[in-house]
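Architecture at a glance
Below are the chains, spelled out letter by letter.
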Amino acid sequence: MEDKEILGYIDHTLLKAFATWDDIVALCDEAVKYGTASVCIPQSFIKRVHEKYGDKLTVCTVIGFPLGYNTTHSKVVEALDSIEAGATEIDTVVNIGDVKDGRFDEVKKELMEIRKATEGHCLKVIIETCYLTDEEKKKLCQIVTEVKADFIKTSTGFGTAGATVEDVKLFAQNIGPDVKIKAAGGIRTIEDAKAMIDAGASRLGSSAVAPLIGAKYNM
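Every value quoted in this text rests on a predicted model; they were computed, and no experiment measured them.

**Topic: the sheet that holds strand S6 (residues 151-153)**
What the eight strands build is a closed barrel, ordered S1-S2-S3-S4-S5-S6-S7-S8; its pairing is parallel. Here the average twist between neighbouring strands, direction ignored, is 25 degrees. Of the strand pairs in this sheet, strand S5 (residues 122-126) and S6 are connected by three bridges, and their pairing is parallel. Among the inter-strand pairings, isoleucine 126 is bridged to a residue of S6, identified as lysine 153. Together, strand S3 (59-63) and strand S4 (89-93) form the strand contacts of helix H3 (residues 72-85), whose direction differs from that of S3 by roughly 165 degrees.

Below, the structure is given as structure tokens:
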């Protein structure tokens, strides 16, 4: 794979609490310049970004982020509000406490409600792998497949660790054929990105890789 091809895998991301409008504009300008898959931004900026960039950008946002313990109702409202503002991709965090308690029926029920609310839009489910056992990860692969989400995603980037090649490979072995993989968290180099893609990722959450590739090719 040529390094330039990686750009089409990247959700160019800025989710820091202190991000300003100028920071978001700089991110979006880079995304347009480099042709990334999307920008992943806080909900409060979606409307302004959509008004400024229109169809030039695919806008992704996060709900129930970063801890996942919001109520199902609040996650659904967040998703609907984000879509109304102009987001077309939604990354939601599972209720990690329910996962650790083995309440997988509740996890599935919540994801089904979010899937219903996001029908016609791309839904990515963040399971926060750093807190889970391999068996819990496998069970979530099954649930994400059953609710017909578009992606299973490794991490928020706010946990104790981010994406690993091993987890991407585990996902690839346990998800259904219609579910793709997003690796996120700690992907800071072109080599990191290639390793995740080689392991089976179809999307990457990163703030660093697109500018690195752009600089390499003087884009």
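Still more to cover.
**Overview of the nonpolar core**
Judged by nonpolar contacts, the single largest core of 66 residues is most densely connected at Ile6, Ile41, Val49, Ile152 and Leu204. Broken down by element, the residue count for this core peaks at six residues, all from helix H1 (residues 21-34). Contact partners of valine 49, with chain neighbours within four places excluded, come to Trp21, Ile24, Cys28, Ile41, Gly54, Leu57 and Val59.

**Re the pairing of strand S1 (residues 10-13)**
Successive residues of a regular strand alternate their side chains across the two faces of the sheet. Side chains Ile10 and His12 of S1 all project onto a buried face; the interleaved residues Asp11 and Thr13 project onto the opposite face, where all are buried too. Of the strand pairs in this sheet, S1 and strand S8 (residues 203-206) are connected by three bridges, and their pairing is parallel. From the neighbouring strand, isoleucine 10 faces S8, where its bridge partner is leucine 204. Across three bridges, S1 lies against strand S2 (residues 38-40) in parallel orientation. The residue bridging aspartate 11 from the neighbouring strand is serine 38, located in S2. Remark: the S1/H1/S2 crossover connection has right-handed handedness.

**Structural notes on the packing of helix H7 (residues 165-174) against helix H8 (residues 190-199)**
Close contact between H7 and H8 brings their axes to 8 Å; oriented N to C, the two are set at 20 degrees. One finds that H7 runs roughly parallel with respect to H8. Note on packing geometry: the crossing formed by H7 with H8 is right-handed. Residues Val165, Val168, Lys169 and Ala172 of H7 touch H8, and the partners they reach there are Ala195, Met196 and Ala199. Class assignment for the residues of the contact of H7 with H8 results in six nonpolar, no polar and one charged.

**A closer look at unusual backbone geometry**
Comment: phi is negative for the bulk of residues other than glycine, and the bulk of peptide bonds are trans. Here the amide bond leading from phenylalanine 65 into proline 66 is cis, since omega sits at 0 degrees, within 30 degrees of zero. At glutamate 128, a residue that is not glycine, the phi angle is positive and equals roughly 55 degrees. Locating glutamate 128 in the fold gives a position in the loop between S5 and helix H6 (134-146).

**Digging into the UniProt feature "active site" (unreviewed entry) in the chain**
UniProt records the feature "active site" (unreviewed entry) for Asp91, Lys153 and Lys182 in the present numbering. Of the residues just listed, which span 92 residues, no C-alpha pair is farther apart than 10.0 Å, and they cluster in one region. Of note, aspartate 91 is situated in strand S4. Overall, the relative accessible area of 0% leaves aspartate 91 in the buried class. Beyond its immediate chain neighbours, meaning those up to four positions away, aspartate 91 contacts Cys60, Thr61, Val62, Ile63, Lys124, Ile126, Lys153 and Lys182. Along the chain, the position of lysine 153 falls in strand S6. Discounting chain neighbours no more than four positions away, the residues touching lysine 153 are Asp91, Val125, Ile126, Ile127, Glu128, Phe171, Lys182 and Ala184.

**Remarks on the packing of aromatic side chains**
Inspection of the entire model under this criterion finds two aromatic pairs. Residues tryptophan 21 and phenylalanine 45 carry aromatic rings whose centres are separated by 6.2 Å and whose planes lie at 20 degrees to one another, so their mutual orientation is stacked. Here tryptophan 21, found in helix H1, pairs with phenylalanine 45, found in the loop between S2 and helix H2 (46-53); they are 24 residues apart in sequence, far enough to count as distant. Residue tryptophan 21 is classed as partly exposed on the basis of its relative accessible area, which comes to 24%. With a centroid separation of 5.2 Å and 85 degrees between ring planes, the pair formed by phenylalanine 65 and phenylalanine 158 is classed as edge-to-face. Taken together, the residues span a long stretch of sequence, with phenylalanine 65 in the loop between S3 and H3 and phenylalanine 158 in the loop between S6 and H7 at a distance of 93 residues.

Each value, and the rule that gives it
Residues numbered from 1 in each chain as written. Predicted model: local features only at pLDDT ≥ 70, side-chain atom pairs only at ≥ 80, totals over all residues. Heavy atoms only, no water. Pairing = 2+ DSSP bridges. Helix = DSSP H or I, 4+ residues; strand = E, 2+ residues; numbered from the N terminus. Axes fitted to C-alpha atoms, helices over the stretch in contact; angles between N-to-C directions. Contact = heavy atoms within 4.5 Å. Core = buried A, V, L, I, M, F, W, Y, C linked by side-chain atoms within 4.5 Å. Buried < 20%, exposed > 50% of the residue type's maximum accessible area, 1.4 Å probe, protein only. Right-handed = clockwise from strand over helix to strand, strands pointing away. Parallel < 35°, antiparallel > 145°, perpendicular 65-115°, else oblique. Left-handed = near helix turned anticlockwise from the far one by under 90°. Nonpolar A, V, L, I, M, F, W, Y, C, P; charged D, E, K, R; others polar. UniProt positions renumbered as here; feature names shortened; annotations may be inferred. Phe/Tyr/Trp six-rings, centres within 6.5 Å; stacked < 30°, edge-to-face > 60°.

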